[in-house]
Amino acid sequence: MATTHESLKLLVTGNMVAIQPANAKGQQAETLSVDLATGRVMFNQAPLLGASAQKVLSVIGVFSLKAGAVLAVVTEAERVATLYGQPVFKATATRVIKPDVNFDSGDQRLLGYVSEALNPSNIGRNLCFAYHLDLTRTAQSLTAVLAEQQQQQGGRKGLAAGADKRFFWNRVLAQPLLDAGGDKFVLPMILGFVGQILGLQVPRSAGGQVTVTVSLIARRSADRAGTRHWRRGADFQGFAANFVETEQLVTLDDGKIVASYVQCRGSIPLLWSQIPNIKYKPPTRLLEGQASSEAFDAHFDALIEAYKVVYLVCTYMHT
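Parameters and conventions
Residues numbered from 1 in each chain as written. Predicted model: local features only at pLDDT ≥ 70, side-chain atom pairs only at ≥ 80, totals over all residues. Heavy atoms only, no water. Patch = residues over 30% accessible without salt bridge, like charges linked within 9 Å, V, L, I, M, F, W, Y side chains within 5 Å. Areas by Shrake-Rupley, 256 points an atom, 1.4 Å probe, with all protein chains shown as cover. Salt bridge = Lys/Arg side-chain N within 4 Å of Asp/Glu carboxyl O. Lys, Arg positive; Asp, Glu negative; His and termini not counted. Charge placed at Lys NZ, Arg CZ, Asp CG, Glu CD. Helix = DSSP H or I, 4+ residues; strand = E, 2+ residues; numbered from the N terminus. Buried < 20%, exposed > 50% of the residue type's maximum accessible area, 1.4 Å probe, protein only. Pairing = 2+ DSSP bridges. Expected span 1.5 Å × (residues − 1). Axes fitted to C-alpha atoms, helices over the stretch in contact; angles between N-to-C directions. Polar contact = N/O pair within 3.5 Å; in protein donor to acceptor, adjacent residues only side chain to side chain. Contact = heavy atoms within 4.5 Å. Phe/Tyr/Trp six-rings, centres within 6.5 Å; stacked < 30°, edge-to-face > 60°.

**Examining a negative patch on the surface**
A cluster of acidic residues, E294, D297, D301 and E305, forms a negative patch on the protein surface. Tracing the chain through its elements places E294 in helix α4 (residues 290-307). When its relative accessible area of 43% is taken as the criterion, E294 is described as partly exposed.

**Notes on the pairing of strand β8 (residues 86-97)**
Direction of pairing for strand β7 (residues 69-83) relative to β8: antiparallel, over a ladder of 11 bridges. Bridging from a neighbouring strand, V74 pairs with T94 of β8. Alignment of β8 against strand β9 (residues 127-129), held across two bridges, turns out to be antiparallel. Its bridge partner lying in β9, F89 is registered against F129.

**Section: the pattern of salt bridges**
Counted under the stated rule, the structure contains eight salt bridges. When the shortest N-O distance is used, the salt bridge between E78 and K90 registers 3.5 Å. With E78 in strand β7 and K90 in strand β8, the pair connects residues that are 12 residues apart, well separated along the chain. Judged by its relative accessible area of 36%, E78 falls in the partly exposed class. The exposure class of K90 is partly exposed, given its relative accessible area of 22%. Across the pair R166 and E245 runs a salt bridge, and its minimum N-O distance is 3.8 Å. Placement of the pair is R166 in the loop between α2 (139-151) and α3 (171-179) and E245 in strand β12 (residues 244-252), with a sequence separation of 79 residues. Using a relative accessible area of 1% as the deciding quantity, one classes E245 as buried. The structure contains a network of salt bridges with shared partners spanning D164, R166, R219, E245 and E247.

**Some words on unusual backbone geometry**
Here Y84, not a glycine, exhibits a phi torsion of approximately 55°, which is positive. Assignment of secondary structure puts Y84 in the loop between β7 and β8. Here Y84 falls in the partly exposed class, since its relative accessible area comes to 40%. Not every positive phi belongs to a glycine, and K308 is a case in point at roughly 70°. Here K308 is to be found in the segment after α4. Taking the relative accessible area as the measure of exposure, K308 reaches 55% and is therefore exposed.

**Brief notes about α4**
With 18 residues, α4 extends 26 Å between its outermost C-alpha atoms, agreeing within 8% with the 26 Å of an ideal straight helix rising 1.5 Å per residue. Just downstream of α4 lies K308, where phi reads positive at about 70°.

**Digging into the sheet that holds strand β2 (residues 16-21)**
Taking strand neighbours across the sheet as the criterion, the five strands line up as β4-β3-β2-β1-β5 in an open arrangement whose pairing is antiparallel. Taken across any chain shown, the strands that pair with only one partner, and hence form the sheet edges, are β4 (41-47) and β5 (54-56). When strand polarity is set aside, the average angle formed by the axes of neighbouring strands in this sheet is 35°. Across seven bridges, the pairing between strand β3 (residues 28-35) and β4 is antiparallel. Bridge pairing in β4 links E30 to Q45.

**Topic: the pairing of strand β10 (residues 190-203)**
Note: β9 against β10, two bridges, orientation antiparallel. The residue bridging C128 from the neighbouring strand is I190, located in β10. Strand direction decides the pairing type here: β10 and strand β11 (residues 209-220), joined by 10 bridges, are antiparallel. Of the residues in β11, the one forming a bridge with F193 is A218.

**Observations regarding a nonpolar patch on the surface**
A cluster of nonpolar residues, I197, L200 and V202, forms a patch on the protein surface that exposes about 220 Å² of accessible area. Its place among the elements puts I197 in strand β10.

**A word on the side chain of H5**
Take H5: it is sitting in the segment before β1 (8-13). According to the relative accessible area criterion, H5 is buried, its value standing at 19%. Within the structure, H5 has its side chain in polar contact with the side chain of E30 (distance 2.9 Å). Apart from residues no more than four positions distant in its own chain, H5 is found in contact with P21, E30, Y131, K184 and F185.

**Comments concerning the packing of aromatic side chains**
Here the structure, examined in full by the defined rule, presents six aromatic pairs. Between the aromatic rings of F129 and Y131, the centroid separation amounts to 5.7 Å while the plane-to-plane angle is 80°, which identifies the pairing as edge-to-face. In this structure, F129 and Y131 share a single accessibility class: buried. Seen in terms of ring centroids, F296 and F300 are 4.7 Å apart; in terms of plane orientation they differ by 50°. Their pairing is tilted. You can see F296 and its partner F300 sitting in helix α4, four residues apart, about one turn around the helix. Its relative accessible area of 34% is what places F296 among the partly exposed residues. F300 sits in the buried class, given a relative accessible area of 17%. Connected via pairs of aromatic rings, a cluster forms that spans F89, F129 and Y131.

As structure tokens, this is what we get:
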């Protein structure tokens with residue numbers, strides 16, 4: 001299984017940020033360094049950080065602005081479920097570390113957007129992660145990926161290296177860190193929902209009862225996300241607006257048996273828009289022709305590749 005550092009320590013010195021595993025021992029440790037003035041990310045061995053270093057739970061990523069870059073980390077989280085024997089957490093507090101520079105109005109506006117998007121009490125609520133489980137993948141996909149990794153030779157990489165990019169919510173922020181070789185410091189986070197009901201007693205057909213655990217995971221796609229009504233249809237690559245994958249897991253016999261049911265929803269995968277106004281039903285604008293057909297085909301080709309067998313239910317038909 002992929003490996004990722006479970007807890008980190010972070011030290012800010014001027015515009016330089018150094019991050020190391022919290023349990024590092026010896027004279028030196030793997031160190032992820034970020035220069036907030038330039039956005040440069042480095043991965044190397046460095047002396048252990050001192051007692052003034054702050055403990056953080058995970059690195060979200062780096063976002064570059066004109067005047068520098070900011071680093072986002074998770075500082076607090078609560079446990080919301082246990083999947084495949086691994087604890088799953090929801091971020092409850094984050095920190096955006098800024099350089100000591102003067103931001104212009106454009107940078108300040110972008111910084112405000114990033115801060116809101118990562119604020120657990122605002123748009124960033126329900127950011128979930130796990131240290132030794134790839135939350136971006138369904139049971140079916142996870143089984144296939146683990147089997148493939150066992151056949152591959154070479155060093156073990158972090159979870160982010162093999163995550164499903166569709167649901168890797170912080171993938172853009174994480175990319176500079178991954179490019180620098182810091183995949184063990186970055187966790188693929190999902191935006192959506194993770195919930196669990198334990199100890200359900202279900203009757204057996206042969207008599208008696210069995211204890212089951214029901215888990216529900218909703219993964220919001222990072223592609224073509226937006227506010228409903230303002231973000232409609234698909235783009236030219238076939239990514240549908242507000243696409244969500246929901247997986248129900250039923251586990252019994254202490255996790256030896258796991259049943260997975262997956263359902264996806266998204267906007268109609270054609271090139272169309274609908275601008276909200278004071279009317280009950282705003283007019284729909286559809287781009288007809290080959291472009292919409294190609295977007296539609298690309299969308300369903302991707303679904304079939306990901307899920308193999310797909311059943312379609314359309315809820316937009318009216319009689």
